[in-house]
Amino acid sequence: MLARTSRRLAGLVATLLAASFVIFAAVYAAPGDPAVFLAGGRDKLTPEKLELVREQYHLDEPLVVQYGRWLWDCVHLDLGRSFKYSDQVGDLLAARFPTTLALVLYATVLFVVLGVGAGILAAVRRGTWIDSAVVGGTTLAASVPSFVSAIALVALFGVQLGWFPVTGSGEGFGGTLHHLTLPALSLALGALALISRVTRQAMADAGAADHVEVARAAGIAEREIVLRHILRNALGPIVTMCGLVMAGMLAGTVVVETAFGISGIGSLLVGAINTHDFPVAQAVLLLMVTGYIAVTTLVDLVHPLLDPRVKERAV
């Protein structure tokens, strides 16, 4: 187990290094000259002033040297200074990340509870109208883009019924839940459909095992069979998929936060791209990639604990 954990952590570090270089190079190659923005625009911009700005911010150095300098600063938690706000990028992330984290956690609770519950219900009532309704409903939910569901939720529950606010993130625990309900639901709809399908299929595969038939023949109650023999053996793929979906939700917040006017890191990324605020864009992308890799690595380590068969194959 220790050797396996060490290999996964080494893979995490290597993946982060590769991803950080891709992020830096992609932003570096984006249209627009950072020196022009740092100098305040093209008006009255002389070549001498532009060269001075390049030298001051080390933009005249080769790409690899700039990347090494940036990576060294990131390791020491120095993410640079925003071109637009003139504040430390770390301070901007620290101010906005709790809102995004609350949104992702809220959406995770929704898609895990509703998605796993719908999948279990469809698996238990397999072949009935309930199963067909769950499959049809989740298929419809999966086909709707998040920005379309966001507009529909705002129009129905925000404007027509007036049950929920349509902008902002609220204050306090209750206010935050109230404001983030529609954004979290919009973010969770597609994930809910995926998780319900995975749960349904995993339950069906686990229910086809020989020991389940033996348990039924022995007269064990169906409820106990479902909970102790079917659901327990199906937890591996369900938890794995839930972790993967949750890890990918950081990127999904870009659309949802923009649609609902939430000041999180998703909307911060959109603003940074529109204003060519390269240090902020690099930091947000690096944070999203780091979160995804960390969560997927954790899921990979936890999976063998839930399913002994995976542990045996790993050994």
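Read on for an overview of the structure. (Residues numbered from 1 in each chain as written. Predicted model: local features only at pLDDT ≥ 70, side-chain atom pairs only at ≥ 80, totals over all residues. Heavy atoms only, no water.)

## Thoughts on the overall build of the protein chain
The helix and strand inventory of the protein chain stands at 13 helices and zero strands. The burial tally for the protein chain puts 38% of its 315 residues in the buried class. In the protein chain, 71% of the contacts between residues at least 6 apart in sequence involve partners at least 24 apart. Here the protein chain displays about 17,000 Å² of accessible surface, and carbon together with sulfur accounts for 66% of that area. (Helix = DSSP H or I, 4+ residues; strand = E, 2+ residues; numbered from the N terminus. Buried < 20%, exposed > 50% of the residue type's maximum accessible area, 1.4 Å probe, protein only. Contact = heavy atoms within 4.5 Å. Areas by Shrake-Rupley, 256 points an atom, 1.4 Å probe, with all protein chains shown as cover.)

## Let's talk about the environment of Leu250
Tracing the sequence through the fold places Leu250 in helix α10 (residues 222–260). The exposure class of Leu250 is buried, given its relative accessible area of 11%. Between the alpha carbons of Leu250 and Leu103 there is a distance of 9.3 Å; along the sequence they are 147 residues apart. Apart from the residues within four sequence positions on either side, Leu250 is in contact with Phe97, Thr100, Val104, Ile265, Leu287, Met288 and Gly291.

## Digging into the packing of helix α5 (residues 89–124) against helix α8 (residues 172–207)
Put simply, α5 and α8 touch, their axes get as near as 5 Å, and they point 35° apart. Classified by chirality, the crossing of α8 by α5 is right-handed. Each residue belonging to the contact of α5 with α8 can be placed in one class, and the counts come to 23 nonpolar, six polar and one charged. (Axes fitted to C-alpha atoms, helices over the stretch in contact; angles between N-to-C directions. Left-handed = near helix turned anticlockwise from the far one by under 90°. Nonpolar A, V, L, I, M, F, W, Y, C, P; charged D, E, K, R; others polar.)

## Observations regarding the packing of aromatic side chains
This structure, assessed with the given rule, holds five aromatic pairs. On the numbers, 5.1 Å between centres and 90° between planes, the contact of Phe21 with Tyr67 is edge-to-face. With a gap of 46 residues between them, Phe21 in helix α1 (residues 2–28) and Tyr67 in helix α4 (residues 63–75) connect regions that are remote in the sequence. For Tyr67, a relative accessible area of 11% gives the class buried. Where Phe157 meets Trp163, the ring centres are 5.7 Å apart and the plane angle is 40°; that geometry is what we call tilted. On the accessibility criterion, Trp163 (53% relative accessible area) is exposed. Among the aromatic side chains, those forming a connected cluster through ring pairs are Phe21, Phe24, Tyr67 and Trp70. (Phe/Tyr/Trp six-rings, centres within 6.5 Å; stacked < 30°, edge-to-face > 60°.)

## Brief notes about a nonpolar patch on the surface
A contiguous nonpolar surface patch, about 520 Å² in accessible area, is contributed by Leu140, Val144, Phe147, Val148, Ile151 and Val255. No other element matches helix α7 (residues 146–160), which puts three residues into the nonpolar patch. Structurally, Ile151 is set in helix α7. (Patch = residues over 30% accessible without salt bridge, like charges linked within 9 Å, V, L, I, M, F, W, Y side chains within 5 Å. Salt bridge = Lys/Arg side-chain N within 4 Å of Asp/Glu carboxyl O.)

## Observations regarding the pattern of salt bridges
Any two side chains of opposite charge can pair, given that their charged atoms come close. Using the criterion set out here, one finds one salt bridge in the structure. In this structure, Asp131 engages Arg200 in a salt bridge whose closest nitrogen and oxygen atoms are separated by 2.8 Å. Residue Asp131 is located in helix α6 (residues 129–143), and its partner Arg200 is located in helix α8; the two are separated by 69 residues in the primary sequence.

## So, the packing of α7 against α8
Contact pair α7 / α8: the axes reach a minimum separation of 9 Å and the direction vectors enclose 145°. Pair α7 / α8 crosses with right-handed handedness. When α7 is examined against α8, the residues Ser146, Ser149, Ala150, Leu153, Phe157 and Gly158 are found in contact with a partner set consisting of Leu182, Leu185, Ser186 and Leu189. Residues that form the contact of α7 with α8 fall into these classes: six nonpolar, four polar and no charged.

## What to know about the environment of Leu105
Here Leu105 shows up in helix α5. By relative accessible area, which is 40% here, Leu105 ends up partly exposed. Distance from Leu105 to Ala184, taken between C-alpha atoms, is 8.5 Å for residues 79 residues apart in sequence.

## Section: α10
An ideal rise of 1.5 Å per residue puts 57 Å on 39 residues; α10 reaches only 45 Å between its terminal C-alpha atoms. Taking the largest bend as the criterion, α10 deviates by roughly 45°, centred on Leu250. Following α10 by one or two positions, Gly261 has its phi on the positive side, about 65°. (Expected span 1.5 Å × (residues − 1). Bend = angle between axes of the 7 residues up to and from the residue.)

## Considerations on the nonpolar core
Counting 57 residues, the largest nonpolar core has Leu93, Phe111, Met249 and Val284 as its most contacted members. When residues of this core are assigned to their parent elements, the largest contribution, 13 residues, is made by α10. In contact with Met249, other than residues within four places in its own chain, are Val104, Ala107, Thr108, Phe111, Leu187, Ala188 and Ala191. (Core = buried A, V, L, I, M, F, W, Y, C linked by side-chain atoms within 4.5 Å.)

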